[in-house]
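Structure at a glance
What follows is the residue order along each chain.
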Amino acid sequence: MRNALGLLSASVVAAVVIAAVWFWTSSPRASLAAPATISARQAERLLATASAKPIPTRADVEITAAIPAKLAAAASSAALPALQAQPKTACANPDALGVSRVVEIDTSGGPGFGFEHFKQLDFLTDKEVVLTFDDGPWPVNTPAVLKALADECTKAVFFPIGKHATYHPAILKQVAAAGHTVGAHTWSHANLNSKKASEQQAKDEVEKGFSAVKLALGAAPSPFFRFPQLQHNPAAMAYLGSRNIAMFSCDLDSFDFRAKDAAQIVNTVMTKLDKQGKGIILMHDFQKHTGEALPTLLSRLKAGGYKIVQMKAKAPLQTLPEYDEALVKDMKLPAGSSRPIGNVVQTVSQ
Ligand SMILES: [Zn+2]
């Protein structure tokens, strides 16, 4: 079995090398179509990995063994298609709003987005929209938002509150698992521009918020941050810049938190959007009416010819270890306390 799998991984590596050489020697093709460019990049990355580890180790073979038999069989008969075996979830809705464009953000220096406060980076073209959701994760309301987005096969950016992430980590995991971008929105939703907030407190709110999101997700969040109440404190902004964290205001506030019902949210957003023509929309997955409004809002966006742009970070945030550790201590997470005793202690001989 191991020999067979070793052969299989060797043939995959060989195919990758052939594919990469082919792309490099026919450079005009590589620059022609987007799919070709993506394949070339994948090949390059895989090749880099392959050359770093020229001989597949036993551990590699063991990992390969985890590939489902069907996929492994396909890979052995024709190694090239295996390169395209990306986990692409098919969209069940043929008329879905979808995602028209994915942009990757280099967060070096802490760029700002959202024309309400940051005017430098005007990257959206006419009819392009970015959906953003704050203050989650929260039971019922966040899952309602996730379902509406999934039904339209579209993606958004979420700015969870650190405390909420520690209350409902499983819901935040669902957000990330659905392929949405996850940043942070402080630890406790404190107004960082309040006269009472010191620079140290602002730093703590930022860092603890990101560490809490990381703890909930089990993976580092994107270095995307939104100030509570859009209260931009200059010192805190400088700090975020030094941490290479992008700041998000918005182009268009839905005011969903004070809407009396779902219809009002739809009307507010569509009226502003039709006037402005594009923009980053601020909403709250924490709010009940937002989840209720979303199916209608998304179909109105589609009908109005709007297109969804997803913003992703070029690299995840490196959280600060002291905040990660302090958070775990704060939460007094007893190791393994939630495991049933039978999973911890087993009689193996008597
Ligand atoms: Zn908020």
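Now for a look at the structure at hand.

A look at the overall build of the protein
What the protein contains, in helices and strands, is 15 helices and 10 strands. A burial count over the protein gives 36% of its 350 residues as buried. Counted over contacts in the protein with a minimum sequence separation of 6, partners at least 24 positions apart contribute 82%.

Some points on the pairing of strand β9 (residues 279-284)
With respect to burial, β9 is a largely interior element, six of its six residues being buried. The pairing of strand β3 (residues 128-134) with β9 spans six bridges and is classified as parallel. Across the sheet, residue Thr132 finds its bridge partner in β9, namely Leu282. Inspection of the sheet shows strand β8 (residues 252-253) paired to β9 by two bridges, in the parallel sense.

Thoughts on the nonpolar core
Residues Val129, Val213, Phe225, Ile281 and Leu297 are the most contacted members of the largest nonpolar core, which totals 66 residues. Counting residues per element, this core draws most heavily on helix α10 (residues 199-217), which supplies seven residues. Beyond its immediate stretch of four places on either side in the chain, Leu297 contacts Ile265, Val266 and Val269.

Notes on the packing of α10 against helix α11 (residues 234-242)
Where α10 meets α11, the closest approach of the two axes is 10 Å, and the angle between their N-to-C directions is 50°. Here α10 lies oblique to α11, going by the angle between them. Once α10 is placed against α11, the crossing between them reads as right-handed. For the pair α10 and α11, contact is made by Glu199, Ala202, Lys203 and Val206 and by Ala235, Ala236, Tyr239 and Leu240, respectively. Here the contact of α10 with α11 is built from residues that sort into six nonpolar, no polar and two charged.

A closer look at the sheet that holds strand β6 (residues 224-225)
Across the sheet, which stays open at both edges, the three strands sit in the order β2-β7-β6 with parallel pairing between neighbours. The sheet is open, and its two borders are formed by β2 (112-113) and β6, each paired with just one other strand. With two bridges connecting them, β2 and strand β7 (residues 246-248) associate as parallel partners. When the bridges of β7 are listed, Gly112 appears paired with Met247.

Describing unusual backbone geometry
Here Gly136 and Pro137 are connected by a cis peptide whose omega angle stands at -5°. Its identity as a non-glycine residue notwithstanding, His189 has a phi of 65°, on the positive side. Counting through the fold element by element, His189 comes out in the loop between β5 (181-182) and α10.

Brief notes about the packing of helix α7 (residues 141-151) against helix α9 (residues 169-177)
Orientation of α7 relative to α9, taken along the N-to-C sense of each, is 15°, at an axis distance of 10 Å. Between α7 and α9, the angle is such that the two are roughly parallel. Considering how the two elements wind past one another, α7 and α9 form a crossing that is left-handed. Here Thr142, Pro143 and Leu146 of α7 come into contact with α9, specifically with Ile171, Gln174 and Val175. Considering only residue class, the contact of α7 with α9 consists of four nonpolar, two polar and no charged.

Rules of the game
- Residues numbered from 1 in each chain as written.
- Predicted model: local features only at pLDDT ≥ 70, side-chain atom pairs only at ≥ 80, totals over all residues.
- Helix = DSSP H or I, 4+ residues; strand = E, 2+ residues; numbered from the N terminus.
- Buried ≥ 20, exposed ≤ 12 C-beta atoms within 10 Å, placed from the backbone.
- Contact = placed C-beta atoms within 7 Å.
- Pairing = 2+ DSSP bridges.
- Core = buried A, V, L, I, M, F, W, Y, C linked by C-beta atoms within 7 Å.
- Axes fitted to C-alpha atoms, helices over the stretch in contact; angles between N-to-C directions.
- Parallel < 35°, antiparallel > 145°, perpendicular 65-115°, else oblique.
- Left-handed = near helix turned anticlockwise from the far one by under 90°.
- Nonpolar A, V, L, I, M, F, W, Y, C, P; charged D, E, K, R; others polar.

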